[in-house]
Amino acid sequence: EKLLFSLPLVMLSLRTVLGRNTFAKFFSTNMTLQSPTVAVVLSGSGVYDGSEIHEAAAILAGITRGGAEVQCYAPDTQQMHVIDHTKGAPSESDSRNTLVESARIARGNVKPLTQLTSGSADAVIFPGGFGAAKNLSDFAVNGANMVVVDDVARVIKEFHSAKKPIGLCCIAPLLVAKVLGDKGVSLTLGKSDDGSGKWPYAGSIEAAKGMGANMLEKGVDEVVIDEANKVVTTPAFMYEGKFHEIQDGVGKMVAAVLAMLKVSSTL
């Protein structure tokens, strides 16, 4: 009670010492020092049935390296199936929960996707991996006729409407192609098949075009920045590249998302 009573006097004294303009600048600066929070939407743990772990790790590292905080989310649903990654084949006797598996990547700090709203974070990023095409949508089964999971579509629409950045890599840009295709969103899913075998998932580009997205062909070390829709994408493992190549491209995507936050905070 004594502290609360004396606080106005302390504020008045500080204003007298600093002067009105310096006082205002001091407090307006310090009141905005809170780090932005970036939500990361995971889809399990493992390239063939969940989030691509190396992409997810690069995203998490890029966010904190850039001075932002991370909060992971995932659907509290059963995975489409479970893949034995040593064989690349389904494990028929196994069943796993997407949220529980995502906790492996998030080191336990993961919340149900139902709790993510545009008011929960300043930006949202989706790693790739087959989980985006199996647990966040059904692209793996229905291709261009895919349906995006309700909460995933809701999150994308909410962040877009709030003019908050959305980052995606690998196959995940298909989610935005489906949800925001009517907005003329610009994305990349890598490059067309050039016969080298380096772009094995090039067919997804035509599918995204059919959804209305403006598709740009980019290399693994490049990003597409759609300033109007505040969407940033990079190919990542759509390219059969080395780990550091994927990490570098994903890092550029995260940096571009964080740069959008800095621009927005100065408006």
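Residues numbered from 1 in each chain as written. Predicted model: local features only at pLDDT ≥ 70, side-chain atom pairs only at ≥ 80, totals over all residues. Heavy atoms only, no water.

> Mind laying out the overall build of the protein chain, listing which residues take part and the relevant values?
Helix and strand counts for the protein chain come out as 10 helices and 11 strands. Counting the 267 residues in the protein chain, one finds 46% classified as buried. Partitioning the contacts of the protein chain with sequence separation of at least 6, the portion at a separation of at least 24 is 71%. Surface summary for the protein chain: the accessible area is close to 13,400 Å², and the carbon and sulfur share equals 54%. (Helix = DSSP H or I, 4+ residues; strand = E, 2+ residues; numbered from the N terminus. Buried < 20%, exposed > 50% of the residue type's maximum accessible area, 1.4 Å probe, protein only. Contact = heavy atoms within 4.5 Å. Areas by Shrake-Rupley, 256 points an atom, 1.4 Å probe, with all protein chains shown as cover.)

> Would you mind going over the pairing of strand β2 (residues 69-74) in detail, with residue names and values included?
Note: strand β1 (residues 37-41) against β2, 5 bridges, orientation parallel. Bridge pairing links A39 to Q71 in β2. Following the backbone out of β1, through helix α3 (residues 53-65) and into the adjacent parallel β2, one traces a crossover that is right-handed. Note that β2 and strand β5 (residues 110-112) share 3 bridges and pair parallel. Bridge pairing in β5 links C72 to V110. (Pairing = 2+ DSSP bridges. Right-handed = clockwise from strand over helix to strand, strands pointing away.)

> Describe in detail the packing of aromatic side chains, supporting the description with residues and values.
Counted according to the given criterion, the structure contains 4 aromatic pairs. Plain terms: the ring middles of Y48 and F130 are 5.7 Å apart, the flat faces sit at 55 degrees to each other, and that makes the pair tilted. Within this pair, whereas Y48 is found in the loop between β1 and α3, its partner F130 is found in the loop between β6 (123-126) and α5 (131-134), the two being separated by 82 residues in sequence. For Y48, a relative accessible area of 35% puts it in the partly exposed group. Judged by centre distance (6.1 Å) and plane angle (80 degrees), the rings of F130 and Y201 are edge-to-face. Note that F130 is positioned in the loop between β6 and α5 and Y201 in the loop between β8 (186-187) and α9 (203-210), a separation of 71 residues in sequence. Through a chain of ring-to-ring contacts, the aromatic side chains of Y48, F130 and Y201 assemble into a single cluster. (Phe/Tyr/Trp six-rings, centres within 6.5 Å; stacked < 30°, edge-to-face > 60°.)

> How would you explain empty space enclosed by the protein if you had to name every residue and give the values?
According to the stated counting rule, one finds 1 cavity of 30 Å³ or more in the structure shown. Size it by volume and the largest cavity reaches roughly 30 Å³. Surrounding the largest cavity, A132, A133, S137, F139, M146, I171, A172, L174 and L175 form its lining. Elements supplying a minimum of two residues to the lining of the largest cavity: α5 and α8 (173-180). The residue inventory of the lining of the largest cavity, partitioned by class, reads 8 nonpolar, 1 polar and no charged. (1 Å grid on protein atoms, 1.4 Å probe; cavity = no way out; pocket = protein on both sides within 12 Å on 5 of 7 lines; lining within 4 Å. Points joined across faces, edges and corners; volume = space filled by probe spheres on them. Nonpolar A, V, L, I, M, F, W, Y, C, P; charged D, E, K, R; others polar.)

> Kindly report on α8, identifying the contributing residues and their values.
Most of α8 sits inside the fold, with 7 of its 8 residues counted as buried. Turning to α8, its buried residues number three or more, namely P173, L174, L175, V176, A177, V179 and L180.

> Account for α3, naming residues and giving values.
For an α-helix the count is 3.6 residues per turn, leaving residues at separations of three or four pointing the same way. Its 13 residues give α3 an end-to-end C-alpha distance of 18 Å, which sits within 8% of 18 Å, the value for a rise of 1.5 Å per residue. For α3, the full list of buried residues reads E55, A56, A58, I59, L60, G62 and I63. Capping of α3 at its N-terminal end is provided by E52; its side-chain oxygen lies 2.8 Å from the backbone amide nitrogen of H54. Looking at the residues trailing α3, positive phi occurs at G67, about 90 degrees. (Expected span 1.5 Å × (residues − 1). Polar contact = N/O pair within 3.5 Å; in protein donor to acceptor, adjacent residues only side chain to side chain.)

Fair warning: the whole summary comes from geometry, so function is off the table for now.
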